[in-house]
Amino acid sequence: MGDHGPAQGFGRWLFTTNHKDIGSMYLWFSFAMFLMGGVFALVIRAELFQPGLQLVEPEFFNQMTTMHGLVMVFGAVMPAFVGLANWLIPMMVGAPDMALPRMNNWSFWILPFAFALLTSTLFMEGGGPNFGWTFYAPLSTTYAPPSVTYFIFAVHIMGASSIMGSINIIATILNMRAPGMTLMKMPLFVWTWLITAYLLIAVMPVLAGCVTMMLMDIHFGTSFFNAAGGGDPVLFQHVFWFFGHPEVYIMILPAFGIVSAIIPTFARKPLFGYASMVYATASIAFLSFIVWAHHMFTVGMPIAGELFFMYATMLIAVPTGVKVFNWITTMFRGSMSFETPMLFSIAFVILFTIGGFSGLMLAIAPADFQYHDTYFVVAHFHYVLVPGAIFSIFAAVYYWLPKWCGNMYDERLGKAHFWLSFVGLNVTFFPMHFVGLAGMPRRIPDYALQFADFNQIASMGAFLFGFSQVFFLFIVIKTIRGGKQATDEVWENPEGLEWTIPSPAPYHTFSTPPAVK
Amino acid sequence: MLFFSKRPIVKSLSSVKPFVVFPLLALSFQAFAKSSEVIEGEAQRWATNMTQGVTATSHEVYDLHMLIFMICVWIGVVVFGVMFYSMIMHRKSAGAVPSKFHESTLVELAWTIIPAIILVAMAVPATSTLIKIYDTSDADIDIKVVGYQWKWQYEYLGEDVSFFSNLTTPQDEIYGRAPKGEHYLLEVDEPVVIPINKKVRFLITANDVIHAWWVPALAVKRDAIPGYINDVWTIVDEPGIYRGQCAELCGKAHGFMPIVVHAMDEVDYQQWLDAKKVEAEELKLAMSQSFSMDELYARGEKVYQTNCVACHGPTGAGGVGPSLIGSSITTGPMGGHLSLMINGVQGSAMQAFGEQLNNIDMAAVITYKRNAWGNNMGDMLQPVDVLNHKRSL
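Residues numbered from 1 in each chain as written. Chains lettered and ligands numbered in written order. Predicted model: local features only at pLDDT ≥ 70, side-chain atom pairs only at ≥ 80, totals over all residues.

Trainee: How should the overall build of chain B be read in this particular structure?
Mentor: Of regular secondary structure, chain B possesses 12 helices and 10 strands. Out of the 393 residues in chain B, the part that is buried amounts to 34%. In chain B, the proportion of contacts linking residues at least 24 apart, taken out of those at least 6 apart, comes to 64%. (Helix = DSSP H or I, 4+ residues; strand = E, 2+ residues; numbered from the N terminus. Buried ≥ 20, exposed ≤ 12 C-beta atoms within 10 Å, placed from the backbone. Contact = placed C-beta atoms within 7 Å.)

Trainee: Which parts of the structure should I look at to understand the interface of chain B and chain A?
Mentor: It is common to give the size of an interface as the accessible area lost on bringing the parts into contact. Listed as interface residues are 96 residues of chain B and, on the opposing side, 89 residues of chain A. Mapped by element, the contributors of at least two residues to the side of chain B that touches chain A are α1 (6-14), α2 (21-26), α3 (28-38), α4 (56-89), α5 (105-133) and β7 (220-224) of chain B. Counting residues per element, the side of chain B that touches chain A draws most heavily on α5(B), which supplies 14 residues. Tallied by class, residues from the side of chain B that touches chain A come to 57 nonpolar, 25 polar and 14 charged. (Nonpolar A, V, L, I, M, F, W, Y, C, P; charged D, E, K, R; others polar.)

Trainee: Would you mind showing me how to read the nonpolar core here?
Mentor: Side chains that are nonpolar tend, in soluble globular proteins, to be buried together. Formed by 260 residues in total, the largest nonpolar core has its most connected members in Val190(A), Val259(A), Phe348(A), Ile364(A) and Ala395(A). Those residues in contact with Val259(A), other than ones at most four positions away along the chain, are Trp327(A), Ser345(A), Phe348(A), Val349(A), Ser392(A) and Ala395(A). Core analysis: the next-biggest nonpolar cluster, separate from the first, contains 17 residues, Met341(B), Val365(B), Tyr368(B) and Met380(B) among them. (Core = buried A, V, L, I, M, F, W, Y, C linked by C-beta atoms within 7 Å.)

Trainee: Please explain the sheet that holds strand β8 (residues 230-234) of chain B as it appears in this structure.
Mentor: Note: strands within a sheet are paired through backbone hydrogen bonds, in either parallel or antiparallel orientation. All names here are of chain B. What the five strands build is an open sheet, ordered β3-β2-β1-β5-β8; its pairing is mixed. Each edge of the open sheet carries a strand with a single partner, namely β3 (161-165) and β8. When strand polarity is set aside, the average angle formed by the axes of neighbouring strands in this sheet is 25°. One ladder, built from seven bridges, connects strand β1 (residues 141-148) with strand β5 (residues 200-206); its direction is parallel. Bridge assignment links Val-145 to a residue of β5, and that residue is Ile-204. (Pairing = 2+ DSSP bridges. Axes fitted to C-alpha atoms, helices over the stretch in contact; angles between N-to-C directions.)

Trainee: Hey, could you run me through the environment of Phe69(B) in this one?
Mentor: Residue and element names in this part refer to chain B. Within the element layout of this structure, Phe-69 appears in helix α4. On the neighbour-count criterion, Phe-69 (18 C-beta atoms within 10 Å) is partly exposed. Separated by 242 residues in sequence, Phe-69 and Cys-311 have C-alpha atoms that sit 43 Å apart.

Trainee: It is not clear to me how the sheet that holds strand β6 (residues 211-215) of chain B should be interpreted in this structure. Could you clarify?
Mentor: Residue and element names in this part refer to chain B. Judged by pairing direction, the sheet is mixed, and its five strands sit side by side in the order β4-β10-β9-β6-β7 without closing on themselves. Looking at strand neighbours, the two that pair on one side only are β4 (192-195) and β7, the edges of this open sheet. The average undirected angle you get between the axes of adjacent strands in this sheet is 25°. In this sheet, strand β10 (residues 258-264) lies alongside β4 in parallel orientation, the contact comprising four bridges. Of the residues in β10, the one forming a bridge with Val-193 is His-262. Helix α7 (residues 266-286) contacts β4 and β10 of the sheet and is inclined by roughly 140° relative to β4.

Trainee: Before we go on, may I ask you to explain unusual backbone geometry in this structure?
Mentor: Trans is the common state for peptide bonds, and a negative phi is the common state for residues other than glycine. Cis peptide bonds are those with omega within 30 degrees of zero, and the linkage from Ser503(A) to Pro504(A) qualifies with -10°. Mapped onto the elements, Pro504(A) comes out in the segment after α16 (452-481). In the segment running from Gln149(B) into Trp150(B), the intervening peptide bond is cis, with an omega of 0°. Note on placement: Trp150(B) falls in the loop between β1 and β2 (151-156).

Trainee: Would you take a moment to explain the environment of Ile68(B) for this structure?
Mentor: Residue placement: Ile68(B) occurs in helix α4. When the C-alpha positions of Ile68(B) and Leu340(B) are compared, they lie 53 Å apart, and in sequence the two are 272 residues distant. Discounting chain neighbours no more than four positions away, the residues touching Ile68(B) are Leu360(A), Met361(A), Ile364(A), Ala367(A) and Met122(B).

Right, here's the structure in full:
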């Protein structure tokens, strides 16, 4: 291989097998999807700015809620984490590249096609998917618009991409670690991704089975989910959430890894309880498989089922608590400074914990009868996903961008981005707890008058948050184009092999494996 | 502009309401003040917490909710307290020197075991409440609740009383052409009536997609699933009108199928029930009568405004559904029109109204559609014709 650089022109990106190129493509793609999903969210918030129907009709509103969810989950958060994995895992374990570089190329390049299929449905007769990102049957089968078939194939392609990405990550981590890099010496980001990849391999085929059964019901006369034909609409929910609950941990475990890398650097103190962090992550992954029906407390399960899923769900608070306590103890008696990655990480710990509290409340089945399918749920999962997944991705970009492009970002601009996002996020999502508890159902385009005030506040916060992300794009481009030259270490004594290579990271790194003590 | 259907755009451009994003932000305070006027006098504004409700169960659920919430608050105070203490006291800029400790099995064990104990303390009251909620035995009254796109049907089992409950908020209020009333989107033509201090069991199912029947004041929410019958119960303490909404996304008008429960004294309830029975008797008699064109037309207009207007529009010009003006159905053969109304159109939003409308309403609405908006077919349908047609199917 030697030291040759990348190929020139578009071919470089189309044919590349380089983990850094593919990582960058994943990250740019996910950011584009983030903006698109954000525009969908702003359509929702604009319509909900006041009671009555002003901007869009209910059918289109339902398409917006559905597409917002699908694009954010499958287009923004997951590809962003895969992008980070591509960039970082080989550099963190001292490998020259991913284990399966050609498959790596393929798993990225099918994604744009999946999302082209999905978004094209918005322009079709009958409109795009309008049944919510959870696409409960029979609303998504017998009563779906014709475009649902495009949705099904798009989900299939996204699933294939995720499975290939996971296989690649597992193969890389298990086979390509530098000599001396034992499993329990791996950075936590590598650990959390290893566990995430297993979750993905376990549940993506379940999702594929779920949408395939839909396809059969719609086109081939089966009745998997059709009660009139002897099928079972509740079966759909069991299958979907058996995928769906691990999926939410897929979107948060890599975030745990990122924060576990950043907090020690800026607390200037080693991570507290490394081993317990690994075990806690594994426990959360295991529990994620046995709690799925807490999304279904109101379907009328037998009481034994309700109790089992309530207890199992409450249990998740234990390993999650361990993680939060470990992060805080890492800060305790450290020597802290508050650069942008640290600000995002601290906000992550606080706001994710608040999302965890509302999650614990939702786990209590009798109380969930009041919370279920209200804005309280919307507030809950946005509190774990936005300051959870999204903030951790921002933190990761600020933290590793100097390594990737060789330039420091502008600290003042980064902090401004943080505070705008932080304020925007809380103004948007905190009032949703209130309207949810006061009785506002989710996924409605219009609402009773008593919910008007908090909805107006939430809508204003949403626009603030949305436009802050355009500012983020500006900061990133500005950093790539120039700025203060970053040192090889970038930060003060950061831990990890990626800081031992030059900034910017050369096109090929660790062609000879480093020695790990 | 493909995304936005015509009516709201026209409306938003013709009023001061901003269409694009920036003016929306800029005018937010103006709009804020404006919509505040609309909802003047509404007692529930700025509500931030769950209702305590009007049943023993709802009180228990509220107490449980507050208990868990307060435990979370106190955990938060301690955890975030330590965190902010560190952030203030252990700053590099304040000259803090980092410690090197990074492990302690004892501490790890403590913060695994203590939360587990707190969880058990939470699980005990949660379990006892859940067991009570699940005890649906020995009900005094059984009411079957069926979710339809987008209305609720209530059937008093063993009483021969059954009716649909439709949203009554006018389209003009929804589209901002008229001021919004106090119970905007939470008002129906026929509330479900129950007596207080009696155990009422609701048997909940659905006819098409999954809905969810939710009345916050009763702390009752249960999915209405085709092919399943879920049972829930309530005993309401005080007379009153309690409002709720469908809580499971069920399509276009998911936000427009409210639930209104009217709880009244036993005596009043019995009177109401007797009146409903008489009404049902009269309806049966009327089924065999003939009506004049004017009677059918007037009745049909009402039925149309309740059941058809959401898709076919107030003037029959269409919307989500096709236009009915001069269409091949409304100006085609009567038999075809009737069959389509009874059976619906498979794979479309056009429902089968054969089970939803009684024969008089069916005859009336078909007569109306064939003679309104310049269709002027001049023909009409009698209830007995509908009956005969159904029998021949």
